[in-house]
Structure formats: C-alpha cells, structure tokens
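Per-entry structural report
Below are the chains, spelled out letter by letter.
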Amino acid sequence: MTASGDADRGPTSGDAEASAALVGAPNAGKSVLFGRLTAEYADVSNYPGTTVETTAATLGSTRLIDTPGVHGISSFSEEERATRAVVLEADAVVNVVDATRLDRDLFVTLQLLDMGVPTVVALNMMDEVEADGVEIDVGALEATLGVPVVPTVAVTGAGVDELRDRLPEATAPESTPVDAYYDALPDGIEAGRAEKTLLVEGDEPTARRVGAGGLAADGGDAPLAGLGEREAVYRERRTRVRSVVEAVERGPAPGRSRGGRLGDLLLRPVTGIPIALALLLAVFYVMGVLVAQRVVGYAETVVFGRYYTPAVEAAVADLLPARGWAAPVEFLLVNDNLGLLTVTVRYTLGVLLPLVVAFYLVIGTLEDAGVLPRLAVVTDRGLDRIGLNGRAVVPLIVGVGCVTMAVVSTRMVGSRRERLITTALLGLAIPCSAQIGVVAGLLAELGVVWWGGYVAVLLGVLGAAGVVLDRTLPGRQDALIEQLPRLRLPRPTNVARKTANRTAAFLGEAAPLFGVTAAAVSTLEYLGALDAIVGALRPLTAALGLPASFGEVLVLGLIRRDFAAAGMTGLTLSASQTFVGLVVVTLFVPCILTMAMILRERDARSALLVWAGSWVTAFAVGGGVAAALEVIA
C-alpha cells in the first residue's frame with residue numbers, strides 16, 4: 001500500500017500487521033463486501049446504520065475493519081467518531097461508494113483523499129446503475145480521482161476478487177485543493193496531513209489531540225478558529241463532487257420503478273400511515289401472537305412442562321442425597337421460580353430462543369426490503385413529542401411482543417440519549433404480550449370502560465415519562481436524517497444467515513448473564529430474602545387499598561411480568577382493586593430477563609435508574625388511580 005500524500009502513512013514495517021478500513025455512507029454495501037472479502041460475516045441490511053460498532057477480520061496479511069456508515073470523517077456523531085479513529089490509524093481505506101448515488105458518496109471519497117489516506121474505491125451496486133440505464137466511465141473516474149476504482153456488485157460477488165487484488169495499490173494524491181487552507185492554521189502545530197485537514201474543518205477532538213489549544217473550544221461552546229475554513233472547504237469539495245459526477249456519469253435519470261412508487265406511498269401521510277399501521281400490526285401479530293403466545297406457550301407447557309422439567313427434577317432427585325449439603329444445591333438447580341436446570345433452561349430455550357429467532361427474522365426481512373427507514377420517517381412526527389425520532393417505532397412495537405427483545409432493538413435508535421429514553425419507556429409502560437393476555441382476561445370481566453381506562457393510564461404515563469426524560473436528560477434530541485434505500489425483495493439467504501449469526505451471538509452473551517442472575521435470585525429466595533421483601537411491601541400495598549397478599553404478586557413480577565398478572569387471578573378483589581392492581585403490575589419493574597438485557601445493553605447506572613423509576617412510578621400512579629376511583633365511587 002502506497003501513500004503519496006502523507007509521510008506518516010504507508011506499509012507497516014517489521015512484523016506489524018497492516019490494517020485497512022471499509023469506509024462509506026450508510027447502506028452503501030460495506031458489510032456485504034466485508035463478508036465477501038473475509039471469512040467473517042457482518043450484519044447485512046438494506047437499512048442505514050446496521051453497523052454500529054467496528055468489526056475486524058483477516059484479509060491475507062491485512063487486518064480489515066468494517067466501520068459504521070458515515071457521510072463524513074469528523075466527530076458530529078458516534079458513528080463518525082468511531083470511523084475517524086479507525087481511519088487515522090489505518091494504513092489504507094477501501095472506500096465503498098454507492099454507484100447510484102455518486103453525488104452523495106464522493107464527498108467522503110474526496111475527504112479521504114484530502115486527508116492523504118491511501119484509498120481504493122469500490123464502486124458498488126453497478127447492477128442497479130445498469131438497470132437504470134445509466135453509464136459510469138470507470139476509467140475516467142479512476143483518472144480523475146487518482147486512485148484505483150473497482151466496479152463491484154457485492155451481493156453477487158462480482159468484482160470482489162479484483163478489489164482484493166488491487167488493495168495493495170491503495171494511494172492518495174500528493175496534493176489537493178484543501179492544502180491551500182493549511183495556511184490558516186497556527187505555526188508550530190505538529191500534525192500530519194490527515195489531522196491538518198480535520199483541523200481546518202473544525203474538528204475539536206483532533207485539535208485537542210495534537211495540542212492545538214488555540215483551536216480547541218473552551219468547554220466545547222466557542223467556535224474553532226478553523227470554523228470559517230470548514231464552510232469554505234465543504235463548499236469547494238461539493239463543487240469538485242459535482243464536477244466529477246458530470247464528467248463520468250452518462251445516461252437518463254432513473255425512472256420510477258414499482259419499488260420506487262411503493263416507496264413514495266409509504267412516505268405520504270395519507271397512504272403511508274395506514275401502510276405503516278398495517279406493517280406494525282403484522283409485526284405485533286408475528287411477535288406477540290404467533291410466537292410469544294402460541295410457539296412459546298407450546299414450548300413452555302408441553303415440551304418443558306410435560307417432558308423436560310419432570311425428567312430433570314427426577315434425575316436430580318436420584319443423583320443428590322435427600323439431606324445435608326444437597327438441599328441448597330437441589331434448590332438452586334430445580335426450584336420452581338428460577339432453577340438453573342429447569343426454569344432457566346426453559347426461559348432460555350423455550351421462551352427466549354423462539355422470540356429471538358422470530359425477532360431477527362422479522363427485522364431482517366424489513367431491513368433487507370428497505371422498509372424500516374420509511375417506517376421511521378412516517379412515524380417521526382408523533383414520536384418527536386416524547387423526545388424520540390422515528391427510529392424508535394420498532395423497539396416500541398416489538399416491546400408489545402417482548403420487552404427483552406425490544407431492549408436489544410434499541411441499538412437502531414440513534415444517539416445514546418434516545419436509546420436510554422426508549423429503554424426507560426419500554427421498562428416502564430410497555431406491557432409484553434404474555435402479560436397482555438392475562439390482563440385482557442381480567443379486564444374482560446370488568447367491562448369495556450375499564451379497558452379504556454387501562455389504555456388511557458398507560459398512554460398517559462408513556463407520554464408524561466417521555467416528556468420528563470426529554471427535558472431532564474442532558475443533550476438534545478437528534479433529528480431524523482434518513483438515507484432511504486430502494487425497496488427491494490428481501491434476499492432469503494441473507495436474512496437467514498443474518499438471523500442465525502445474530503441469534504447465536506445474542507444467546508452467547510445473554511444466556512450466561514441470565515444464568516448468573518437467576519442463581520443470585522434463587523440464593524436470595526433460599527435465604528428468605530424474598531419473603532422479607534414481601535413483608536416490606538405490606539405498607540405500600542395497604543396504601544393502595546390492596547390486600548397484603550398482593551406483595552407476593554409483586555415478588556412474582558420481579559421474576560417475570562406475566563407471573564404477576566397471573567398471580568392476581570388467585571386473589572379475591574373488587575373491580576376497583578383489580579384495576580389498581582393491573583396498573584401497578586404493568587408499571588412495575590421489568591422482569592429479571594429484561595433487567596439483565598438492560599444491564600448488558602446500557603450500563604449499571606441506567607439499569608438502576610430504570611428499576612428504581614419503575615418502583616416509584618408504579619406505586620405513585622397506582623396510588624393516584626386508587627384515590628381517583630375512591631372519589632368517583
């Protein structure tokens with residue numbers, strides 16, 4: 001790999017491993033190429049933002065790194081910061097360009113060349129360019145850019161071998177028009193060409209790293225000294241992009257395909273909202289009815305309830321003595337609440353595995369088809385009122401099927417702030433399908449008015465919590481900026497492979513965490529700590545006008561939400577007590593598996609805040625509802 005423009009770059013020496021980064025816009029096909037170039041598989045989706053972390057694998061003697069999709073190498077988002085860090089350390093870059101969007105993607109190409117980064121351009125999606133009747137002069141593009149350009153079709157593998165062979169030819173021009181802006185930088189700054197380019201573009205982290213104190217903003221509020229140059233650099237680079245596109249692209253403008261017309265319908269409020277509702281109802285039906293109720297119900301009651309659990313309990317009883325040290329061990333392994341060999345295995349394989357597979361199949365299909373970004377656009381205005389953008393629609397809908405899987409899906413939401421808001425709302429006011437089934441049975445006995453009141457309370461809590469979190473959490477809400485891919489027929493092999501890999505990775509991380517958590521709770525139960533919790537809850541349940549035995553219902557809710565609702569069926573309660581109890585158990589803390597996922601996806605502090613906030617909200621709202629019902633009565 002050669003580097004004409006930056007003396008700090010070039011082949012590594014000695015035994016050091018060379019590194020190359022895949023860089024490009026969201027949905028340009030980086031992850032597909034990553035899978036083609038290496039033996040590894042990265043998530044492949046027709047949805048911007050699939051790669052939220054970097055992934056590395058070996059390509060010959062080179063370490064290839066797949067980066068998040070970006071529209072620039074800077075620090076305006078988490079994705080850009082991660083990509084910038086990789087680019088500054090890499091020996092070369094494979095710049096993946098969507099050939100159908102040269103005017104968008106060549107901005108990053110020219111920025112990489114301005115930075116002096118040795119680059120090879122993978123001109124991807126050439127099959128779609130040809131289908132549109134457009135011609136791109138690849139030779140002219142290569143001559144204009146001054147770096148190798150390889151036409152590719154990542155989904156079929158076309159051009160991948162040539163791209164692999166030409167990676168050692170990665171280079172960069174010795175100079176670009178941006179060099180003229182370096183004179184605006186203070187004297188004495190020790191920085192390479194890449195860092196100088198970022199400095200004139202106003203990148204504060206780079207200024208701090210190279211010790212350019214006069215450029216770094218105090219407290220992050222004042223503008224950089226180079227900020228004026230950034231606007232000029234961006235305008236000049238855009239001008240060059242237009243010039244390059246005009247020189248190399250020929251042919252008619254793409255017509256509106258059937259997929260394009262359907263995509264337009266999804267974006268128009270009159271037609272898009274009904275279509276979006278239908279799609280979301282389909283997601284709920286698959287996750288909440290077919291899988292969460294029928295598949296999981298059969299697995300729990302038949303496969304594990306009738307066959308597996310009795311066999312394991314009998315085997316443990318035969319293997320362990322009936323006294324002494326064996327008693328706590330047997331309790332840990334086969335107790336009715338969270339036995340490691342019984343309930344924990346049943347949850348992992350009978351409950352979690354079907355939900356995980358179904359979730360990834362549904363989301364993978366919508367991703368591959370290009371539907372998810374359009375759902376985000378059409379629902380953005382409504383979610384904006386609770387501090388979120390349209391990307392949060394999927395986790396909120398999935399949460400009605402399974403809150404645990406919804407917590408995992410918050411990865412697609414965007415900023416850390418909005419992921420935290422979404423996670424808090426899921427843990428607070430979104431009942432899972434298993435819980436809804438029991439709640440529906442209890443409310444059916446009360447009448448439709450109580451159903452309306454239940455839904456109104458949940459929507460009120462959801463809206464109020466969203467507003468409060470939006471106004472109290474630091475930072476600002478991210479605007480929804482979506483690059484809408486074409487609608488395409490999903491590729492079954494891609495969806496299946498992605499589902500298998502995601503499921504294996506998820507269970508590999510989640511199962512041990514759930515096992516450790518279950519063992520800890522079982523230990524507390526054996527020591528009598530859970531009984532102590534029931535006793536401590538009696539004053540609270542009394543304040544709600546509920547019997548002391550309701551404390552046992554709440555302890556069941558700590559383990560699993562639907563257990564709490566089911567526990568109410570054995571209590572003798574009035575209509576108002578039933579309603580108050582349902583509100584409390586719905587708003588009560590997420591189940592143990594969901595809390596384990598929150599801990600895994602967020603951090604201990606966030607998990608603690610969600611857990612404590614659920615306690616406070618459940619009893620505060622329950623108390624308010626009880627007082628209101630007493631006044632009405």
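Use the structure listed above.
To start, this report covers the structure provided alongside it. The structure presented is a predicted model; accordingly, all values stated were derived computationally and were not measured.

The rules we used
- Residues numbered from 1 in each chain as written.
- Predicted model: local features only at pLDDT ≥ 70, side-chain atom pairs only at ≥ 80, totals over all residues.
- Heavy atoms only, no water.
- Helix = DSSP H or I, 4+ residues; strand = E, 2+ residues; numbered from the N terminus.
- Buried < 20%, exposed > 50% of the residue type's maximum accessible area, 1.4 Å probe, protein only.
- Areas by Shrake-Rupley, 256 points an atom, 1.4 Å probe, with all protein chains shown as cover.
- Salt bridge = Lys/Arg side-chain N within 4 Å of Asp/Glu carboxyl O.
- Phe/Tyr/Trp six-rings, centres within 6.5 Å; stacked < 30°, edge-to-face > 60°.
- Core = buried A, V, L, I, M, F, W, Y, C linked by side-chain atoms within 4.5 Å.
- Contact = heavy atoms within 4.5 Å.
- Pairing = 2+ DSSP bridges.
- Right-handed = clockwise from strand over helix to strand, strands pointing away.
- Axes fitted to C-alpha atoms, helices over the stretch in contact; angles between N-to-C directions.
- Parallel < 35°, antiparallel > 145°, perpendicular 65-115°, else oblique.
- Left-handed = near helix turned anticlockwise from the far one by under 90°.
- Expected span 1.5 Å × (residues − 1).
- Bend = angle between axes of the 7 residues up to and from the residue.

Our next topic: the overall build of the chain. When helices and strands are tallied, the chain shows 26 helices and eight strands. Per-residue burial over the chain gives 54% buried out of 633 residues. Summing over all exposed atoms, the chain offers an accessible surface of approximately 27000 Å²; the carbon and sulfur share of this is 59%.

Before going further, it helps to examine the pattern of salt bridges. Under the criterion given, the structure shown has 13 salt bridges. Of the charged contacts in the structure, one is a salt bridge between Asp 114 and Arg 237, with a shortest N-O distance of 2.9 Å. With Asp 114 in helix α3 (residues 102–114) and Arg 237 in helix α9 (residues 227–248), the pair connects residues that are 123 residues apart, well separated along the chain. The class for Arg 237 is buried, based on a relative accessible area of 0%. Salt bridges sharing common partners tie together Asp 114, Glu 201, Glu 236, Arg 237 and Arg 240.

With that out of the way, let us pick up the packing of aromatic side chains. Here the structure, examined in full by the defined rule, presents nine aromatic pairs. Here the aromatic rings of Phe 588 and Trp 615 are separated by 4.8 Å at their centres, their planes lie at 70°, and the arrangement is edge-to-face. Highlighted residues: Phe 588 in the loop between α24 (575–587) and α25 (592–601) and Trp 615 in helix α26 (residues 604–632), separated in sequence by 27 residues. When sorted by exposure, Phe 588 lands in the same class as Trp 615, which is buried. Their ring planes at 85° and their centres at 6.3 Å tell us that Phe 588 and Phe 619 sit as a pair that is edge-to-face. Of this pair, Phe 588 sits in the loop between α24 and α25 while Phe 619 is found in helix α26, placing the two residues 31 residues apart along the sequence. Accessibility expressed as a relative area gives 1% for Phe 588, which makes it buried. Members of the aromatic cluster, each reached through a chain of ring pairs, are Phe 588, Trp 611, Trp 615 and Phe 619.

Another point: the nonpolar core. The biggest cluster of nonpolar side chains holds 102 residues, and the ones touching the most others in it are Leu 338, Leu 355, Met 405 and Phe 506. Excluding residues that lie within four positions of it along the chain, Met 405 makes contacts with Leu 352, Leu 355, Val 356, Phe 359, Tyr 360, Val 398 and Phe 506. Membership of the second largest hydrophobic core comes to 23 residues, among which are Leu 102, Phe 107, Val 241 and Val 244.

Another aspect to go through is the pairing of strand β4 (residues 92–98). Buried residues dominate β4, accounting for seven of its seven residues. Going residue by residue along β4, you find Ala 92, Val 94, Val 96 and Asp 98 tucked away on one face and Val 93, Asn 95 and Val 97 tucked away on the opposite face as well. Of the pairings in the sheet, the one linking strand β1 (residues 18–24) to β4 comprises five bridges and is parallel in character. Along β4, the bridge assignment pairs Val 23 with Asn 95.

Attention now moves to the pairing of strand β5 (residues 119–124). For β5, the tally of buried residues reaches six of six residues, placing the bulk of the element in the interior. Of the strand pairs in this sheet, β4 and β5 are connected by six bridges, and their pairing is parallel. Across the sheet, Val 93 pairs through a bridge with Thr 119, a residue of β5. The parallel pair β4 and β5, bridged by α3, forms a crossover whose chirality is right-handed. In the sheet, β5 pairs with strand β7 (residues 149–151) via three bridges, with the strands oriented parallel. Looking at β7, one finds that Ala 122 is bridged to Val 150.

Turning our attention to the packing of helix α23 (residues 561–568) against α24. The interhelical angle for the contact between α23 and α24, taken along N-to-C directions, is 170°, at an axis separation of 9 Å. The orientation of α23 with respect to α24, classified from their angle, is roughly antiparallel. Two packed elements cross with a definite hand, and for α23 against α24 that hand is right-handed. Facing α23, whose interface residues are Arg 561, Ala 564 and Met 568, α24 presents Thr 578, Gly 581, Leu 582, Val 585 and Thr 586.

Reading across from one edge, β2-β3-β1-β4-β5-β7 is the order of the six strands in this open sheet, with mixed pairing throughout. Looking at which strands have only one partner, the edges of the open sheet turn out to be β2 (55–59) and β7. On average, each strand axis in the sheet is tilted by 25° relative to the strand beside it, whichever way the strands run. Along the sheet, α3 makes contact with β1, β4 and β5, crossing β4 at roughly 165°. The strands that helix α5 (residues 138–145) touches are β5 and β7; relative to β7, the one it contacts most, it runs at about 155°.

Looking now at unusual backbone geometry. Here the phi dihedral of Met 125 falls at roughly 65°; this positive angle occurs in a residue that is not glycine. With respect to the helices and strands, the residue Met 125 is situated in the loop between β5 and α4 (126–131). A relative accessible area of 11% places Met 125 in the buried class.

Let us now look at helix α13 (residues 343–369). The end-to-end C-alpha separation of α13 is 37 Å, in line with the 39 Å expected for 27 residues at 1.5 Å each. Its axis deflected by about 40° at Leu 352, α13 carries its strongest bend there, up to four residues before the proline Pro 354. Looking one or two residues past α13, Gly 370 carries a phi angle of roughly 85°, positive in sign.

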